[in-house]
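Structure at a glance
Residues per chain are reported as follows:
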Amino acid sequence: MTTKLSLRGVRKRFGDHEVCKGIDLDVAEGEMVCLIGASGSGKSTLLRCMNLLEPIDDGAIWLDGVDISEPGLDPQPVRQQIGIVFQSYNLFPHMTAAENVMLAPRRVRGLNRQDLLPRVTQLFARFGLGERMGHYPDQLSGGQQQRVAIIRALAMEPQIMLFDEITSALDPELVGEVLDVLRDLRQQGMTMVLATHEMGFARELADKVCFLDAGRILEQGPPEVLFAAPQEERTKAFLARVL
Amino acid sequence: MSETSVQNKATERSSSAPTRREVYEAGIRRRSNRIALTSTAIVVLAIVVLVPLAPGWDAVQRAFFNGRVFAATFPGLLEAFLLNVMIFAWSAPLIAITGLAIALCRDTRAPALFPLRLFGIAYTDVFRGLPVVLVIYIIGFGVPGLGLPRPWNSPYIWGTLALVLVYSAYVAEVIRSGIDSIHQSQRSAAASLGLSDQDTMRFVVLPQAVRNVVPANMNLFIALQKDVALLSFIGPVEIFRQAGVYKSLYANFTPYVGAALIFLALTIPATRYADYLMNKQNRART
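Everything in this summary refers to the structure shown in the same document. Keep in mind the model is a prediction, meaning the values are calculated, not measured.

Some remarks on the overall build of chain B
Counting its regular elements, chain B contains twelve helices and zero strands. The secondary structure elements of chain B, listed N-terminal to C-terminal, are α-α-α-α-α-α-α-α-α-α-α-α. Relative to the globule expectation of 19 Å for 286 residues, the C-alpha radius of gyration of chain B, 28 Å, shows a markedly less compact shape. Taken along the three principal axes of its C-alpha coordinates, chain B extends 100 × 75 × 25 Å. Looking at chain B as a whole, 35% of its 286 residues are labelled buried. In chain B, of all internal contacts separated by at least 6 residues, the share reaching a separation of at least 24 is 77%. For chain B, the accessible surface area stands at approximately 17,200 Å², while carbon and sulfur atoms represent 67% of it. Computed over 26 positive and 15 negative side-chain charges, the inter-centroid distance for chain B is 5 Å.

As structure tokens, then:
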């Protein structure tokens, strides 16, 4: 397996507060990596750094062997390759679900609606939203909105997908439908990095689980090892709280 | 067992007769209505009885509320008001476009466009800081003073320009506040899809921002409708000036009251509508 994304010594600070304190991480092609850890441990910031929504202060990020953290590099081509889905969906409220999905392919890749429609229709159908393409976000449930957000990111045909606690804002009965989408993507061989509180899901599907604590990856490994026999005291304490 | 029977009794009652709570609240409502009605009646009665007791009432009635003068001048006033509506109608779209342009100037981030940004800031500072009537005087008398040929010396053109300059500054500030009100996460979402800054502004931020500030802009346009009357100072015979002409003709102030009524007939419904939109938006936010 070739390494798709790799982080070396990534540091990020907001004012006086250093959120990422030198993070090393490798994500192989087709791999699913789960970041776990308490709120404020730096999971979200790390994801936002990966697709350059936040510029990093030190260290480097390589995508397919190219340094994408080079200051002054145009972030837009990179972001087209790395999709991200947010906890709060962040759909555009003034557009229908289909328009949300088609905006970036139209504007960034210059495709027109007619060309896009078959593929977009197929994506909506695949994730059980065939009837909802013409709905506005506030006419959809949280789970449906989050699935539209995933479709929106997928429509750019990214090579890596980042998921930032995408089920945390959902009612418990809606979590399942969104996790099903992730299972589907996993089967298709999508490379994925998730920040998540869904430990059961991480244990079931992840190739690698990383425990973040105070801006560092304290411990990482396959889920059966990390969940069953954590080495660090803090990992043990965290898992005891959430499992 | 006994608990369920009590519950059944309660639900039975709510479907047929009003509950204790409903009876109580209906009583409170009736009482409030009674008090409001009584206090309004007392105030109206006091005005109707006391005002005519003022020593100058007869004179005021003759000068301001003269039915004969009102009937004679009202059609002429209405006709003059058409000019107000016309000036309003062609300045409003110009203001909307200029205001949007100025707002975008103020929002530019690229260093090469810094002069634009500076211009936007200076523009809004200057034109919000001046009385409207002063700008109308300076531009309305100043520019035609350059000795321009007809029709470029028309006070309609330069008066309208003055209104456009001033009101665009206010509209620009309102639009800018709308742009600021769009949450950063919307820009993040757009950026994460690879959209450029311009496309993010055009397709994601602006459509939401403009929608959010429609009620606030409605209020500005209602104010504009009134301020069109200020153009009378530089020549155009619109309703305010026409009322002045009638006043001199009949030696009576009633035409001003007529003009006021015409303004209110337009501005009150418009204000109510703007308030309605504003309330609707507030409800949608909560």
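Quick word on the packing of helix α4 (residues 67-106) of chain B against helix α7 (residues 155-181) of chain B
Residue and element names in this part refer to chain B. It is at 6 Å that the axes of α4 and α7 come closest, and there the two elements cross at 45 degrees. As judged from the angle between their axes, α4 and α7 are oblique. The interaxial crossing formed by α4 with α7 has right-handed handedness. Where α4 abuts α7, its residues Leu 83, Ile 87, Trp 90, Ser 91, Leu 94, Ile 95, Thr 98, Gly 99, Leu 100, Ile 102, Ala 103 and Arg 106 lie against Tyr 156, Thr 160, Leu 163, Val 164, Tyr 167, Ser 168, Val 171, Ala 172, Glu 173, Ile 175 and Arg 176. Its residues assigned to classes, the contact of α4 with α7 shows 15 nonpolar, five polar and three charged.

Describing the nonpolar core
Counting 50 residues, the largest nonpolar core has Ile150(A), Phe163(A) and Leu185(A) as its most contacted members. Looking at this core, the element that brings in the most residues is helix α6 (residues 172-187) of chain A, giving seven residues. Of all hydrophobic cores here, the second largest spans 42 residues; its members include Leu7(A), Met95(A), Ala190(B) and Leu195(B).

Looking at the sheet that holds strand β7 (residues 160-164) of chain A
Residue and element names in this part refer to chain A. Reading across the sheet, the six strands line up as β6-β7-β8-β3-β9-β10 and stay open at both edges, with mixed pairing between neighbours. Whereas interior strands pair on both sides, the edge strands pair on one side only; in this sheet they are β6 (82-85) and β10 (216-221). Shown here is a sheet whose adjacent strand axes are inclined to one another by a mean of 20 degrees, direction ignored. Pairing between β7 and strand β8 (residues 191-195): five bridges, direction parallel. Across the sheet, Leu 162 pairs through a bridge with Val 193, a residue of β8. Contacting β3 (32-36), β7 and β8, α6 crosses the sheet at an angle of about 150 degrees to β8. Where helix α9 (residues 233-242) meets the sheet, it contacts β3, β9 (208-213) and β10, and its direction lies at approximately 100 degrees from that of β9.

Brief notes about the pairing of β9(A)
As a general feature of sheets, a regular strand has side chains that alternate between the two faces. Residues and elements named next belong to chain A. Taken across its six residues, β9 has six buried, putting it largely inside the fold. Residues Lys 208, Cys 210 and Leu 212 of β9 are buried on one face, and the alternating residues Val 209, Phe 211 and Asp 213, pointing to the opposite face, are buried as well. Across four bridges, the pairing between β3 and β9 is parallel. Bridging across to β9, Leu 35 finds its partner in Cys 210. The loop that links β9 with its antiparallel partner β10 comprises two residues; one of these, Ala 214, has a positive phi angle of about 50 degrees.

Description of the interface of chain B and chain A
The partner chain A presents 22 residues to the 19 residues of chain B that form the contact. Across the chain B/chain A interface, buried area totals approximately 1,700 Å², and carbon plus sulfur atoms make up 61% of it. Taken as a group, Ser192(B), Leu193(B) and Phe203(B) account for 36% of the area that chain B buries against chain A, more than any other trio of residues on that side. Connecting chain B to chain A are one salt bridge. Among the salt bridges present, the one from Arg107(A) reaches Asp199(B), with a minimum N-O distance of 3.1 Å.

What counts, and where the lines are drawn
Residues numbered from 1 in each chain as written. Chains lettered and ligands numbered in written order. Predicted model: local features only at pLDDT ≥ 70, side-chain atom pairs only at ≥ 80, totals over all residues. Heavy atoms only, no water. Helix = DSSP H or I, 4+ residues; strand = E, 2+ residues; numbered from the N terminus. Rg over C-alpha atoms; globule rule 2.2 N^0.38 Å. Buried < 20%, exposed > 50% of the residue type's maximum accessible area, 1.4 Å probe, protein only. Contact = heavy atoms within 4.5 Å. Areas by Shrake-Rupley, 256 points an atom, 1.4 Å probe, with all protein chains shown as cover. Lys, Arg positive; Asp, Glu negative; His and termini not counted. Charge placed at Lys NZ, Arg CZ, Asp CG, Glu CD. Axes fitted to C-alpha atoms, helices over the stretch in contact; angles between N-to-C directions. Parallel < 35°, antiparallel > 145°, perpendicular 65-115°, else oblique. Left-handed = near helix turned anticlockwise from the far one by under 90°. Nonpolar A, V, L, I, M, F, W, Y, C, P; charged D, E, K, R; others polar. Core = buried A, V, L, I, M, F, W, Y, C linked by side-chain atoms within 4.5 Å. Pairing = 2+ DSSP bridges. Buried area = accessible area lost by both parts, 1.4 Å probe. Salt bridge = Lys/Arg side-chain N within 4 Å of Asp/Glu carboxyl O.

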